[in-house]
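One-letter residues, chain by chain:
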Amino acid sequence: MLSQLQELFQRIDKSKIFQSFVIAVIVVSALTVGAHTYSLHPTVEFALHWMDVGITVFFLIELIIRYVASKGLKDFFSKGWNIFDFIIVVGSLYPAAGSTIFIARLLRIFRVLRLVSMIPELRLLVNSLLKAIPQMGYIALLMFVIFYIYAAMGSMLFADINPFLWGDVSISMLTLFRIATFEDWTDVMYETMAVYKLSWIYYLTFIFLTAFVFLNMMVGAILEVMSEEHRNAREEQADIDSLPATQGQINELKAQVTELTQLIKNQRS
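Being a predicted model, the structure only gives us computed values, none of them experimental. (Residues numbered from 1 in each chain as written. Predicted model: local features only at pLDDT ≥ 70, side-chain atom pairs only at ≥ 80, totals over all residues. Heavy atoms only, no water.)

## Details of the overall build of the chain
On a plain count of helices and strands, the chain comes out with 13 helices and zero strands. In sequence order, the secondary structure elements of the chain are arranged as α-α-α-α-α-α-α-α-α-α-α-α-α. Taken across its 269 residues, the chain has 28% of its residues classed as buried. Looking at the chain alone, contacts between residues at least 24 apart form 62% of all its contacts between residues at least 6 apart. When the accessible area of the chain is evaluated, it comes to approximately 18,000 Å², of which 70% is carbon and sulfur surface. (Helix = DSSP H or I, 4+ residues; strand = E, 2+ residues; numbered from the N terminus. Buried < 20%, exposed > 50% of the residue type's maximum accessible area, 1.4 Å probe, protein only. Contact = heavy atoms within 4.5 Å. Areas by Shrake-Rupley, 256 points an atom, 1.4 Å probe, with all protein chains shown as cover.)

Here it is, written out as structure tokens:
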């Protein structure tokens, strides 16, 4: 009985229709959370409240279906995305009453993130980003070194010109971040060029290193990991497609062939 229920829930969990319905409910959940930010009629607020309750119950049922469809507690929590969904669903069950209503709504906003766990392409992107973090960390460390060197130089050279932008190393790093993001950086450059005509070299070399070299290194690290993840996904799918058929699948195929043969005979007769 338990195995039959598990097989039923496995079919439901893997069903395209069910997964599409779950995605639709997540989208509706996101819209209801956004609707709460507007001034609405009390009747609409009441309807949204009960709709939110229904969505929360549905998410809980969907999580139970996925748990029963798995091979046990250890198998269920061995998958990172199941842990992620568990935290999101349990967090959305936080009581929305009294002074906790803001926290409850804040937690329920994160239900939108379940789209990531439901759509394979989004999962692939997030997995690639997480795996690229170690490589990006080293690039970020090198960027910090360059920022620090240029901030120290800028503080020593330009502090007398504009203490608000170059007063010390920490403020200079904020100014350099503004320059790296191209936020009115020419105004900063022209201000120092009025005193030091060759100060444009300082800005152009910094922009070349940060906006062109390090940014492209970041993008390259992510693209490399994404290419590897896509290749692994294709190989995994190929391995699944090449698996031998089970005895149950063979018996089902034989039954279909027998039924088709009998149907052809009946049409001929």
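From this point, the discussion proceeds with the structure in view.
## Overview of the packing of helix H3 (residues 42-69) against helix H5 (residues 80-92)
Orientation of H3 relative to H5, taken along the N-to-C sense of each, is 150°, at an axis distance of 10 Å. Here H3 lies roughly antiparallel to H5, going by the angle between them. Seen along the crossing, H3 lies across H5 with a hand that is left-handed. Where H3 approaches H5, its residues Thr56, Phe59, Leu60, Leu63 and Arg66 are matched on the opposing element by Trp81, Asn82, Asp85, Phe86, Val89 and Ser92. Along the lines of polarity and charge, the residues of the contact of H3 with H5 split into six nonpolar, three polar and two charged. (Axes fitted to C-alpha atoms, helices over the stretch in contact; angles between N-to-C directions. Parallel < 35°, antiparallel > 145°, perpendicular 65-115°, else oblique. Left-handed = near helix turned anticlockwise from the far one by under 90°. Nonpolar A, V, L, I, M, F, W, Y, C, P; charged D, E, K, R; others polar.)

## Focus on the pattern of salt bridges
Evaluation of the coordinates by the stated rule reveals two salt bridges. A salt bridge links glutamate 62 to arginine 66; the nearest nitrogen and oxygen atoms lie 2.7 Å apart. With glutamate 62 and arginine 66 both in helix H3, this residue pair falls four residues apart, about one helical turn. Of the two residues, glutamate 62 and arginine 66, both sit in the buried class. Aspartate 85 is the partner of arginine 66 in a salt bridge, and the nearest nitrogen-oxygen pair spans 2.7 Å. Placement of arginine 66 in helix H3 and of aspartate 85 in helix H5 is noted, with a sequence separation of 19 residues between them. Each member of the pair, arginine 66 together with aspartate 85, is buried. Each of Glu62, Arg66 and Asp85 takes part in a single network of salt bridges with overlapping partners. (Salt bridge = Lys/Arg side-chain N within 4 Å of Asp/Glu carboxyl O.)

## Focus: the environment of leucine 31
With respect to the helices and strands, the residue leucine 31 is situated in helix H2 (residues 16-35). Here leucine 31 falls in the exposed class, since its relative accessible area comes to 60%. When the C-alpha positions of leucine 31 and valine 112 are compared, they lie 9.4 Å apart, and in sequence the two are 81 residues distant.

## Things to note about the UniProt feature "transmembrane region" (unreviewed entry) in the chain
Under the present numbering, the feature "transmembrane region" (unreviewed entry) in UniProt falls on residues 21-41, 47-69, 81-107, 132-151, 163-180 and 200-223. Counted over residues 163-180, helix gives 89% and strand 0%. Its end C-alpha atoms are 19 Å apart. Note that residues 200-223 is 100% helix and 0% strand, and that its end C-alpha atoms are spaced 33 Å apart. (UniProt positions renumbered as here; feature names shortened; annotations may be inferred.)

## As for the nonpolar core
Ranked by size, the top nonpolar core spans 27 residues in total, and within it Phe147, Trp166, Leu176, Ile179, Tyr202, Tyr203 and Phe206 carry the most contacts. For this core, the secondary-structure elements that each account for two or more residues are helix H8 (120-158), helix H9 (163-166), helix H10 (169-180), helix H11 (185-193) and helix H12 (200-241). The next biggest cluster of nonpolar side chains, apart from the first, holds 14 residues, and it includes Phe18, Phe58, Ala69 and Met118. (Core = buried A, V, L, I, M, F, W, Y, C linked by side-chain atoms within 4.5 Å.)

## Observations concerning H2
Here H2 spans 29 Å end to end across 20 residues, near enough to the 28 Å set by a 1.5 Å rise per residue. Buried within H2 are the following residues: Phe18, Val22, Val25, Ile26, Ser29, Thr32, Val33 and Ala35. Of the residues that open H2, the one with a side-chain oxygen 3.3 Å from the backbone nitrogen of isoleucine 17 is serine 15. (Expected span 1.5 Å × (residues − 1). Polar contact = N/O pair within 3.5 Å; in protein donor to acceptor, adjacent residues only side chain to side chain.)

## Considerations on the packing of aromatic side chains
Overall, the coordinates contain 19 aromatic pairs when judged by the stated rule. On the basis of an interplanar angle of 50° and a centroid distance of 6.4 Å, the ring pair of phenylalanine 18 and phenylalanine 58 is categorised as tilted. Within this pair, whereas phenylalanine 18 is found in helix H2, its partner phenylalanine 58 is found in helix H3, the two being separated by 40 residues in sequence. Seen in terms of ring centroids, tryptophan 166 and tyrosine 203 are 6.4 Å apart; in terms of plane orientation they differ by 70°. Their pairing is edge-to-face. With a gap of 37 residues between them, tryptophan 166 in helix H9 and tyrosine 203 in helix H12 connect regions that are remote in the sequence. Looking at tryptophan 166, the relative accessible area reads 0%, which means it is buried. Classification of tyrosine 203 by relative accessible area gives buried; the value is 0%. Within the aromatic cluster, the residues linked to one another by ring pairs are Phe147, Tyr150, Phe158, Trp166, Tyr196, Tyr202, Tyr203 and Phe206. (Phe/Tyr/Trp six-rings, centres within 6.5 Å; stacked < 30°, edge-to-face > 60°.)

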